[in-house]
Amino acid sequence: MTAEVGHDGARYLAGSPVRVAILRALREEPRRPAELTDAVDATRTTVQRILAGFRERDWVVKRDANYRVTPTGERVHDAYETLLTEVERGDRYGRFAETVERVGVDFPAAGIPDSDLTVASDQNPLAVVDRLTELLRESRGGEIRAVSPVVLQQFNDAAAAALDDGANVELIIDRDVVDASVAEFGPATDRALEDDDAAVYVSAEPIEYGLVRCEDVACVTAYDERNNPRCVLESTEETVVDWVDDAFASLRDDATRLSSVVERA
């Protein structure tokens, strides 16, 4: 019975933007019906009808001609605003969450709220590549740890520039990326083998997502089924940083140095 009542109340509030606007306005301060009419751009009849509905649910009371939100009304308002925030966040981060879940990445949900997201679009299909390249170029002289399911010239150039500036680079790739690197990016592969500041590892299993860890920033990149980078989540929050560090360490523990793989090829 309680769940049905709660559902009816939620459906009532969500069924009209004007109801939400009125409850939001009253949450800010007590108001008269005429003030609410101006504040929410609704007719007096509509406002009076909604106020009656709120009073039936004990969300508001009338005192001295003003309508005030009750403690219950405050909780309903705040919970609804939280729901709206989460739904909006779900719309924005949905592609990232769906992609990492599809490939079996157990990314912590707690890491999403305080993270930034760059998303590729039809208007800017290289947005993710550009952002990752920018992060690599900004980490001059620092330590870079990365995981990538693809090899791109932009990434190679950014890594080379970072090495030139004194960075220490650790990279984990899979066998498909090794084959593509040897066939298409010989100089970059040679440098990965010869530069003492570069350590490349090869995963025995296919890699389906990306990681970047540089300075205090941790990133997780979601790729589509054609290995196109679709979105990158980046954060300096401890939850994300620790998760990326642990994921990288786990992959590296099970990987083989590139020199051994190339020698056997």
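Look a little higher up for the structure.
Residues numbered from 1 in each chain as written. Predicted model: local features only at pLDDT ≥ 70, side-chain atom pairs only at ≥ 80, totals over all residues. Heavy atoms only, no water.

Participant: For this particular structure, what's the right way to read helix α4 (residues 44-56)?
Facilitator: Each α-helix winds once per 3.6 residues, and so residues spaced three or four apart point in a common direction. The terminal C-alpha atoms of α4, which comprises 13 residues, lie 18 Å apart, in line with the 18 Å expected from a rise of 1.5 Å per residue. Buried within α4 are the following residues: Thr-46, Val-47, Ile-50, Leu-51, Gly-53 and Phe-54. Burial along α4 is one-sided: seen end-on, the buried residues are contained in an arc of 160°. Structural note: α4 exposes Thr-45, Arg-49 and Glu-56 on the side pointing more than 90 degrees away from its buried face. A positive backbone phi angle near 65° is found at Asp-58, which sits one or two residues after α4. (Helix = DSSP H or I, 4+ residues; strand = E, 2+ residues; numbered from the N terminus. Expected span 1.5 Å × (residues − 1). Buried < 20%, exposed > 50% of the residue type's maximum accessible area, 1.4 Å probe, protein only. Arc of directions from axis to C-beta.)

Participant: It is not clear to me how the packing of aromatic side chains should be interpreted in this structure. Could you clarify?
Facilitator: Centre-to-centre distance and the angle between the planes together describe a pair of aromatic rings. Under the definition given, this model contains five aromatic pairs. When the centroid spacing of 6.3 Å and the interplanar angle of 55° are considered together, the rings of Tyr-12 and Trp-59 count as tilted. Within this pair, whereas Tyr-12 is found in helix α1 (residues 2-14), its partner Trp-59 is found in the loop between α4 and β1 (60-63), the two being separated by 47 residues in sequence. When sorted by exposure, Tyr-12 lands in the same class as Trp-59, which is buried. (Phe/Tyr/Trp six-rings, centres within 6.5 Å; stacked < 30°, edge-to-face > 60°.)

Participant: Sorry if this is basic, but what is going on with a negative patch on the surface here?
Facilitator: Residues Asp-114, Glu-237, Glu-238, Asp-242 and Asp-246 make up a contiguous surface patch of negative charge. Relative to the elements of secondary structure, Asp-242 occurs in helix α10 (residues 238-253). For Asp-242, a relative accessible area of 35% corresponds to the partly exposed category. (Patch = residues over 30% accessible without salt bridge, like charges linked within 9 Å, V, L, I, M, F, W, Y side chains within 5 Å. Areas by Shrake-Rupley, 256 points an atom, 1.4 Å probe, with all protein chains shown as cover. Salt bridge = Lys/Arg side-chain N within 4 Å of Asp/Glu carboxyl O. Lys, Arg positive; Asp, Glu negative; His and termini not counted. Charge placed at Lys NZ, Arg CZ, Asp CG, Glu CD.)

Participant: Looking at this structure, I do not really get the pattern of salt bridges. What am I missing?
Facilitator: Pairing between side chains becomes possible if they bear opposite charge and their charged atoms approach one another. Across all of its chains, the model carries 16 salt bridges by this definition. When the shortest N-O distance is used, the salt bridge between Arg-89 and Glu-86 registers 2.7 Å. Placement of both Arg-89 and Glu-86 in helix α5 (residues 71-102) is noted, with a separation of three residues, approximately one turn of the helix. Taking relative accessible area as the criterion, Arg-89 reaches 21% and is therefore assigned partly exposed. Of the residues examined, Glu-86 reaches a relative accessible area of 40% and is grouped as partly exposed. Close ionic contact of Arg-213 with Asp-245 constitutes a salt bridge, the shortest N to O distance being 2.8 Å. Taken together, the residues Arg-213 in strand β7 (residues 209-214) and Asp-245 in helix α10 connect sequence positions 32 residues apart. Look at the salt bridges and you will find they share partners, linking Glu-143, Arg-145, Arg-213 and Asp-245 into a network.

Participant: How should the nonpolar core be read in this particular structure?
Facilitator: Grouped together as the largest cluster of nonpolar side chains are 27 residues, with contacts concentrated most on Phe-96, Phe-107, Leu-211, Val-220, Leu-233 and Trp-243. Here the element with the most residues in this core is α10; it accounts for six residues. Among residues more than four places away in sequence, those in contact with Phe-107 are Phe-96, Val-100, Ile-112, Val-220, Leu-233, Val-240 and Trp-243. By size, the runner-up hydrophobic cluster in this structure holds 22 residues, among which are Val-129, Leu-132, Leu-136 and Phe-155. (Core = buried A, V, L, I, M, F, W, Y, C linked by side-chain atoms within 4.5 Å. Contact = heavy atoms within 4.5 Å.)

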